[in-house]
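The primary structure of each chain is shown beneath.
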Amino acid sequence: MKSNTLKSSSPSVKMSALLSQMTLEEKIGQLQQSAYFSTVVTGHVVDHSGTIEAIKAGRVGSVLSVHDERDLKMLQKTAVEESRLGIPLLFMFDVIHGYKTAFPINLALSNSWDPDLVERVSRGVAYETSHAGLHVTFSPMVDLVRDPRWGRVMESNGEDPYLSSLLTQAYVKGYQQDDLAQPHAIAACVKHFAGYGFAEAGREYNTVDVSERTLRSVVFPPFQAGIDAGVRMVMTAFNVINDRPATANRWLLNDVLRDEMGFQGVIISDYTSTEEIIQHKVATDTKDVAYQCFEAGLDHEMVSQTFQHHLKELIAEGKISEETLNERVLRILTLKEQLGLFDNPYRNFYEDSAQYMLLETTKALAQEAVEKTVVMLKNDDALPLKPKQTVGLFGPFIESQDVIGEWAALCEKSDVITLKQAFDQAKHPYVLLDETTLDTRSRELDTIIVALGEAGSEAGEGNSKAKLRLSASQEALVKKAHQTGKNIVLVVFAGRPLILTELEPFADAILYAYQPGTMSGAGLYRLLSGQVSPSGRLTLTFPYHEGQIPVYYNHLNTGRPFDHARPEYRYNSRFIDIPNEPLYPFGFGLTYGQFEYSDVFLSKDHLREDDTVKVYVTLKNHGSHGALETVQLYIEAQSFSVSRPVNELKAFKQVYLDAGEEKTTVFTLTNAMFKAFNIDMAWTTEQRSYFVKVGPHSGALIARTVQLT
Ligand code: GLC
């Protein structure tokens, strides 16, 4: 079985021989990604009429966002049969949580804390994508995020680097499988390198100013995980790092990504992010852009054409070398060879690809993903519903199909199973309520389900929001429903954490569904009815108020931490008008079980470098339902040569307990779990005392102490 690492990315004899036949123009052409459809982005109209001619002339290496089978075949046929060397094209697309079957958005998927599920979902996504004629997906997005005002948190794995690293590896393995030449494998692309999630104020494309320590501690690790899993592509970010645009940042792309992290695949820019270094005011014209981005280490230019227009001249002037150009071209050719495109340029083309889409097995997987990613934030004995208990269905999202998110490839809202349809399919009695019938028709009811949320178009790229509460009209609906005196079950659909502080007291139960995709209602019904218990755990903190942002679990202690024993004391780190604590912390999520943690102890109170220590914790489910509990293990350095977070997630285990069942879980501590970048930026441990903490979430932990010796 071919290794999934990039050892195989060294150019083959065949590719080197092909390179030797290429003209300078054809070499430069392999560095070009064209967008086929006319696209108006940042003022640039991409006119595809020239694309065909460019392909014939060998001036296009890949094409972005084509998904019409006829176009794909026509374009590939043009390249293979009408260009001089017949080099096949790569077709790339943003398939980030489903091609035709919409899985839950990636932020929701991360709430499963289940790398196996994410790998299976990615394999399912790759199955549909590879049957649609595509070769590369611009996924997974692994930006570390802390700010729900940023619309793209919906695509992310949340705020923790350890969990995001595990999930990144799962995405890459699921997409790329063991060998890219396998029929249903597609190449993955980790993005956006780097630091895009730290845009100031959560404002899209805004300035990023983070320390090297933050970059190395929380931003880079998921990218390293993707590289270690064999990811074939990295996309550069729009933002600056150390005031240099990432796309033209040689420290970032060469010194860090290539030399330190060992990435040998293709570095692609983001959409026109090369030209945008002019807007960043580090270049004055497109020739300067081409020079700076090429020198920084960029291999493939998305949509902009500065390489196309200027590399030949820059080579003639001796400013860049053809030898370096050859290295860049070989990376693109190698990826095409790894995908088997030289053996069969039409490998992903199938007659009537529709027959491979929305298969029952794929939809069943999507429903499983919904069940494992919804997070129950509150439940005062309102859930699960009693069997066949007539419920009220109320609110704009009871029948809404706008729950597939903003980056949904060819997924159709019309394929979504709504909450109402799921109650119909289950023959579960209900009364559809509206504001005029709420009071009268709810009299005989016990429970009202109120479904609310933000529109799919309110999250995603270019959709930053400063105000994160639901609309006033939606909040009013909840309060009106509460006035009936019935049990109120809130189901919230959103691409990000919203501010639920105002609504929380009016709900007896809250299910946070995010944007669950095609099987939305089906999965939610299984949770509401108790056929399966909720098990999702938050991977992105829910603020009490926007004013807390950024608020995240792995924060530093400060020199004057808030003192709960003296809440009125003025001179410590606090607000005078809102609490420091978030509404719901990282790792939080309720189940239908009632888990008691006890007998937490360590096998030893000291840990030598070459040794391990066991951590034991006993769980008992006192509830009347079986449920899956995600037991989390964090560490805290009691001191270190630099200030370290009050909590650092280092392990977790998912334990299923039937009602009344008791089980002891064991974690293994290793020296490596205690490493950090020390005062000299060396990744190391220090022989000090550390807390080891276990519990159901970052705000409820039982601590023990271990000494590193
Ligand atoms: C977009 C996004 C990037 C996406 C690319 C191609 O602007 O930033 O994530 O992959 O363009 O669509």
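Residues numbered from 1 in each chain as written. Predicted model: local features only at pLDDT ≥ 70, side-chain atom pairs only at ≥ 80, totals over all residues. Heavy atoms only, no water.

S.K.: How do you make sense of unusual backbone geometry when you look at a structure like this?
M.R.: Across the junction of Lys191 and His192, the peptide omega takes the value -5°, indicating a cis bond. As for its position among the elements, His192 is in strand S7 (residues 189-193). A cis geometry characterises the amide bond from Phe193 onward to Ala194, with omega recorded as 0°. The topology assignment puts Ala194 in the loop between S7 and helix H8 (212-228). Even without being glycine, Lys388 reaches a positive phi, approximately 60°. Position of Lys388 among the secondary structure elements: in the loop between strand S13 (375-379) and strand S14 (391-394). (Helix = DSSP H or I, 4+ residues; strand = E, 2+ residues; numbered from the N terminus.)

S.K.: Looking at this model, I keep getting lost on the sheet that holds strand S11 (residues 266-268). Mind explaining?
M.R.: Across a sheet, strands are paired by hydrogen bonds formed along the backbone, either parallel or antiparallel in direction. Strand order in the open sheet made by the three strands is S7-S8-S11, with parallel pairing throughout. Sheet topology places S7 and S11 at the edges, where each strand pairs with a single neighbour. For this sheet the average axis-to-axis angle between neighbouring strands, irrespective of direction, equals 25°. Pairing between strand S8 (residues 233-236) and S11: three bridges, direction parallel. Bridge pairing in S11 links Met233 to Val266. (Pairing = 2+ DSSP bridges. Axes fitted to C-alpha atoms, helices over the stretch in contact; angles between N-to-C directions.)

S.K.: Quick question: what am I supposed to make of the nonpolar core here?
M.R.: Nonpolar side chains in soluble globular proteins tend to end up buried together. Core analysis: the biggest nonpolar cluster contains 193 residues, and Phe193, Leu311, Leu377 and Ile449 have the highest contact counts within it. Not counting chain neighbours up to four residues away, the residues in contact with Ile449 comprise Leu385, Val391, Gly392, Leu393, Phe394, Ile398, Phe423, Val489, Val491 and Leu528. Counting 29 residues, the second-largest nonpolar core is a separate cluster that includes Leu602, Phe640, Val642 and Ala651. (Core = buried A, V, L, I, M, F, W, Y, C linked by side-chain atoms within 4.5 Å. Buried < 20%, exposed > 50% of the residue type's maximum accessible area, 1.4 Å probe, protein only. Contact = heavy atoms within 4.5 Å.)

S.K.: It is not clear to me how the site of the ligand should be interpreted in this structure. Could you clarify?
M.R.: Close to the ligand lie 13 residues, the nearest being Asp94, Arg152, Lys191, His192 and Asp270. Arg152 places a side-chain nitrogen or oxygen 2.7 Å from an oxygen atom of the ligand. At 2.7 Å from an oxygen atom of the ligand is found a side-chain nitrogen or oxygen belonging to His192. For the ligand, whose unbound accessible area comes to 310 Å², protein coverage reaches 93%. Among the residues making up the shell around the ligand, the classes are represented as seven nonpolar, one polar and five charged. (Near = heavy atom within 4 Å. Polar contact = N/O pair within 3.5 Å; in protein donor to acceptor, adjacent residues only side chain to side chain. Areas by Shrake-Rupley, 256 points an atom, 1.4 Å probe, with all protein chains shown as cover. Nonpolar A, V, L, I, M, F, W, Y, C, P; charged D, E, K, R; others polar.)

S.K.: I would appreciate a short explanation of helix H17 (residues 520-528) in the present structure.
M.R.: For an α-helix, the turn length of 3.6 residues means that residues three or four places apart are oriented alike. Of all nine residues making up H17, eight are buried, and the element is well covered by its neighbours. Among the structural elements, helix H13 (360-373), helix H14 (419-425), strand S16 (447-453), strand S17 (487-493) and strand S18 (509-512) are those in contact with the buried residues of H17. The first or second residue beyond H17 is Gly530, which carries a positive phi of 85°.

S.K.: Where do I start with the packing of helix H3 (residues 49-56) against helix H4 (residues 69-82) in this structure?
M.R.: Each pair of packed helices gets described by two things: the angle between the helix axes and the distance between those axes. Relative orientation of the contacting elements H3 and H4 amounts to 30°, with a least axis distance of 8 Å. Classified by the interaxial angle, the pair formed by H3 and H4 is roughly parallel. Of H4, the residues touching H3 (which contributes Ile52, Ile55 and Lys56) are Met74, Leu75, Thr78, Ala79 and Glu82. (Parallel < 35°, antiparallel > 145°, perpendicular 65-115°, else oblique.)

S.K.: Got a minute to help me understand the sheet that holds strand S27 (residues 689-697) in this structure?
M.R.: Pairing within the open sheet is mixed, and its five strands lie in the order S20-S28-S27-S22-S23. Every interior strand has two partners, whereas the edge strands, strand S20 (606-607) and strand S23 (648-657), have only one. In this sheet, S23 lies alongside strand S22 (residues 627-637) in antiparallel orientation, the contact comprising nine bridges. When the bridges of S23 are listed, Val631 appears paired with Lys653.

S.K.: Any chance you could explain the domain arrangement of the protein here in plain terms?
M.R.: The assigned domain composition of the protein is domain 1 (12-93 + 188-338), domain 2 (370-538) and domain 3 (595-708). With four residues of domain 1 at the contact, the number on the domain 3 side is five residues. For the pair domain 1 and domain 3, the interface holds zero salt bridges. Our count for the domain 1 to domain 3 interface comes out at two residue pairs in polar contact (both at pLDDT 80 or more). Split into classes, the residues belonging to the side of domain 1 that touches domain 3 amount to no nonpolar, one polar and three charged. (Domains from an automatic or database assignment. Salt bridge = Lys/Arg side-chain N within 4 Å of Asp/Glu carboxyl O.)

S.K.: Can you help me understand the packing of aromatic side chains in this one?
M.R.: Remark: the centre distance and the inter-plane angle together describe each pair of aromatic rings, the angle taken between the planes. All chains considered together, the criterion is met by 30 aromatic pairs. Judged by centre distance (6.5 Å) and plane angle (15°), the ring pair of Tyr196 and Tyr205 falls under stacked. Taken together, a centroid distance of 6.1 Å and an interplanar angle of 70° make the contact between Phe542 and Tyr584 edge-to-face. With Phe542 in the loop between H17 and strand S19 (595-602) and Tyr584 in the loop between H17 and S19, this residue pair connects regions lying 42 residues apart in the sequence. The buried category is assigned to Phe542, whose relative accessible area is 0%. Judged by its relative accessible area of 6%, Tyr584 falls in the buried class. Cluster of aromatic residues (ring-pair linked, three or more members): Trp113, Tyr162, Tyr553, Phe586, Tyr634 and Phe652. (Phe/Tyr/Trp six-rings, centres within 6.5 Å; stacked < 30°, edge-to-face > 60°.)

S.K.: Would you take a moment to explain the pairing of S17 for this structure?
M.R.: Residues in a regular strand project their side chains so that they alternate between the two faces of the sheet. Burial within S17 is extensive, with six of its seven residues counted as buried. With seven bridges connecting them, S16 and S17 associate as parallel partners. Following the sheet pairing, Thr447 is matched in S17 by Asn487. Tracing the backbone out of S16, into helix H16 (residues 472-482) and back to the parallel element S17 gives a crossover that is right-handed. Looking at chain direction, S17 and S18 are connected through four bridges and run parallel. Across the sheet, Leu490 pairs through a bridge with Ile510, a residue of S18. (Right-handed = clockwise from strand over helix to strand, strands pointing away.)

S.K.: Honestly, the pairing of strand S1 (residues 32-35) in this entry has me stumped. Any pointers?
M.R.: Here S1 shows two buried faces, one formed by Gln32 and Ser34 and the other by Gln33 and Ala35. Of the pairings in the sheet, the one linking S1 to strand S12 (residues 301-302) comprises two bridges and is parallel in character. Looking at the pairing, Gln33 lines up with Met302 of S12.

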